Amino acid sequence: MRCIKCVLPEHKPDIWMNADGVCNVCSDFERAKKLKESKALLLESDLINTLNKYRGKYKYDCLVMCRGGKDSTASLYYVKTRYKLNPLAFTFDHGFETEDAIENIKNAVSVLGVEWLFFKSDFMKEMFAEVIKKKSRAVICHLCSMWYMQLTYEIAANFNVPIIIAGWTKGQATV
C-alpha cells in the first residue's frame, strides 16, 4: 500500500496508512503545519493587542529602527500600511551604512509619508581602526549594537514613543 499524497510505501512499524490512505508522515506534517499557523496567528494577535493598547495615545505610535535593508523596510511598511500606525523612523549610521541603504530609507519614508530621524557618527570607524591596528580580539559588533540600542531607547523616551519595532533576520538579534 502507498500513500495517496506522497506515494511512500507502508513499512511498519515506522510508516503506516490511515483509513483514508494517507501515511503517518503526511498526517504528522499537516498537523505540525496547522499548529505552526495557529501559533503565528496567536503571535500576530498579541502584537495587534499591544499596538492597539498604545495606538493614538502619543504623537508617534512606535519607533521603527530602519537600516535600509529588506527586513527593516518591510517592518516600516507593515507598521504604516497593515497596522495603520503613525511611526517615527530612526536610522543609526555608524559610519558603515551604504549609500544604497540610505537611499532605500529616504525612498521608503517619502513614499510612506513617515517622519525620519537620522543619526550619523564616524566614531566606530576609529574604533574599528584601533581594533585592527592592535590586533585585538574584541568583538566590536557587540559594542556598536549596545550603542545603537541605547540611542534607540533614548530617542523613544525623548519622543515619548511607547513601542520600538525592529526588522531583523533570524539570528541577527543574538548579540
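Everything numeric in this text was worked out from a predicted model, so none of it was measured.

On to unusual backbone geometry, then. The step from Lys 12 to Pro 13 runs through a cis peptide bond, and the omega angle for that step is 10°. Within the secondary structure layout, Pro 13 lies in the segment before helix H1 (24-54). Despite not being glycine, Lys 135 shows a phi value in the positive range, around 55°. Mapped onto the secondary structure, Lys 135 falls in the loop between helix H4 (123-133) and helix H5 (140-158). For Lys 135, a relative accessible area of 73% puts it in the exposed group. In this structure, Asn 160 takes a positive phi of about 55° despite not being glycine. Mapped onto the fold, Asn 160 is located in the loop between H5 and strand E4 (164-166).

What follows is about the pairing of strand E2 (residues 87-93). Most of E2 sits inside the fold, with 7 of its 7 residues counted as buried. Going residue by residue along E2, you find Pro 87, Ala 89, Thr 91 and Asp 93 tucked away on one face and Leu 88, Phe 90 and Phe 92 tucked away on the opposite face as well. Pairing of strand E1 (residues 62-65) with E2 involves 4 bridges; the strand directions are parallel. Bridge pairing links Val 64 to Ala 89 in E2. In terms of handedness, the path from E1 via helix H2 (residues 70-81) over to E2 forms a crossover that is right-handed.

Turning our eyes to something else, we now look at the pattern of salt bridges. Proximity of charged atoms lets side chains of opposite charge pair with each other. Across all of its chains, the model carries 9 salt bridges by this definition. As a salt-bridge pair, Glu 44 and Arg 82 come within 2.9 Å of each other at their nearest N and O atoms. Residue Glu 44 is found in helix H1, and its partner Arg 82 is found in the loop between H2 and E2; the two are separated by 38 residues along the sequence. Arg 82 sits in the partly exposed class, given a relative accessible area of 49%. Salt-bridge contacts for Glu 130 lead to Lys 133; the nearest nitrogen and oxygen are separated by 3.1 Å. Here Lys 133 and Glu 130 lie together in helix H4, a separation of 3 residues that amounts to about one turn. On the basis of relative accessible area, Glu 130 is assigned to the partly exposed category, the value being 33%. Through salt bridges that share partners, Asp 93, Lys 120 and Asp 122 make up one connected network.

Quick notes on the rules
- Numbers given to residues run from 1 along each chain, matching the order in which its sequence is written.
- The predicted nature of this model means local features are confined to residues of pLDDT at least 70 and side-chain atom pairs, given and counted, to a pLDDT of 80 or more, with totals for whole chains, interfaces and linings taken over all residues.
- Working from all heavy atoms in the structure, the side-chain values ignore hydrogens and water.
- The numbering of helices and of strands both runs from the N terminus, where a helix is a DSSP run of H or I of at least 4 residues and a strand a run of E of at least 2.
- Throughout this description, buried means an accessible area under 20% of the type-specific maximum (1.4 Å probe, protein chains only), exposed means over 50%, and partly exposed covers the range between.
- Strand pairing is assigned whenever DSSP identifies at least 2 bridges connecting the two strands.
- A clockwise course of the path from the first strand over the helix to the second, judged with the strands pointing away from the viewer, identifies a crossover as right-handed.
- A pairing counts as a salt bridge when a side-chain nitrogen of Lys or Arg comes within 4 Å of a carboxyl oxygen of Asp or Glu.

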